[in-house]
Amino acid sequence: MLPHLATAGHATTTGFNVTNLIILVVVLAVLVPVVNRLRRATSERRRARWAEEERQAQQEHPQRDA
C-alpha cells in the first residue's frame, strides 16, 4: 500500500493562522456592539422597573419612609 500524503485540503495546521484571526476580528466587530446595546437596553428597563416598583411601594405605604 502507498502512504497517504496530506494535501492542502486535508492538512492540519497548528499555531497562528491569519485567516482565523481575521474571522475572529470580524465576529468581534459585529458582536461587541450588539452585546453592549443589549446590556444597555436591559439595564435601562431594569432601572425603570425598579423605579416603578419603588413608586408603587411608596404609594401603598407612605408612612414607612417618613
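Above: the structure in question.
Residues numbered from 1 in each chain as written. Predicted model: local features only at pLDDT ≥ 70, side-chain atom pairs only at ≥ 80, totals over all residues. Heavy atoms only, no water.

Draft legend 1. Spatial organisation of the overall build of the chain. When helices and strands are counted, the chain shows 1 helix and 0 strands. Split into buried and exposed, the 66 residues of the chain put 3% on the buried side. Carbon and sulfur atoms make up 63% of the accessible area of the chain, which totals about 6,500 Å². (Helix = DSSP H or I, 4+ residues; strand = E, 2+ residues; numbered from the N terminus. Buried < 20%, exposed > 50% of the residue type's maximum accessible area, 1.4 Å probe, protein only. Areas by Shrake-Rupley, 256 points an atom, 1.4 Å probe, with all protein chains shown as cover.)

Draft legend 2. Spatial organisation of helix 1 (residues 18–60). Helix length check: helix 1, at 43 residues, gives a terminal C-alpha distance of 62 Å against a target of 63 Å (1.5 Å per residue), a fit within 8%. If you check the start of helix 1, you find a side-chain oxygen 3.1 Å away from the backbone N of T19, and it comes from N17. (Expected span 1.5 Å × (residues − 1). Polar contact = N/O pair within 3.5 Å; in protein donor to acceptor, adjacent residues only side chain to side chain.)

Draft legend 3. Up close: the pattern of salt bridges. Counted under the stated rule, the structure contains 2 salt bridges. With its nearest N and O atoms 3.8 Å apart, the salt bridge here joins R49 to E53. Here the residue R49 and the residue E53 both occupy positions in helix 1, the gap between them amounting to 4 residues, near one helical turn. Relative accessible area serves as the criterion here: at 45%, R49 is assigned to the partly exposed category. Its relative accessible area of 43% is what places E53 among the partly exposed residues. Ionic pairing is found between E52 and R55, a salt bridge with its closest N-O pair at 2.3 Å. With E52 and R55 both in helix 1, this residue pair falls 3 residues apart, about one helical turn. (Salt bridge = Lys/Arg side-chain N within 4 Å of Asp/Glu carboxyl O.)

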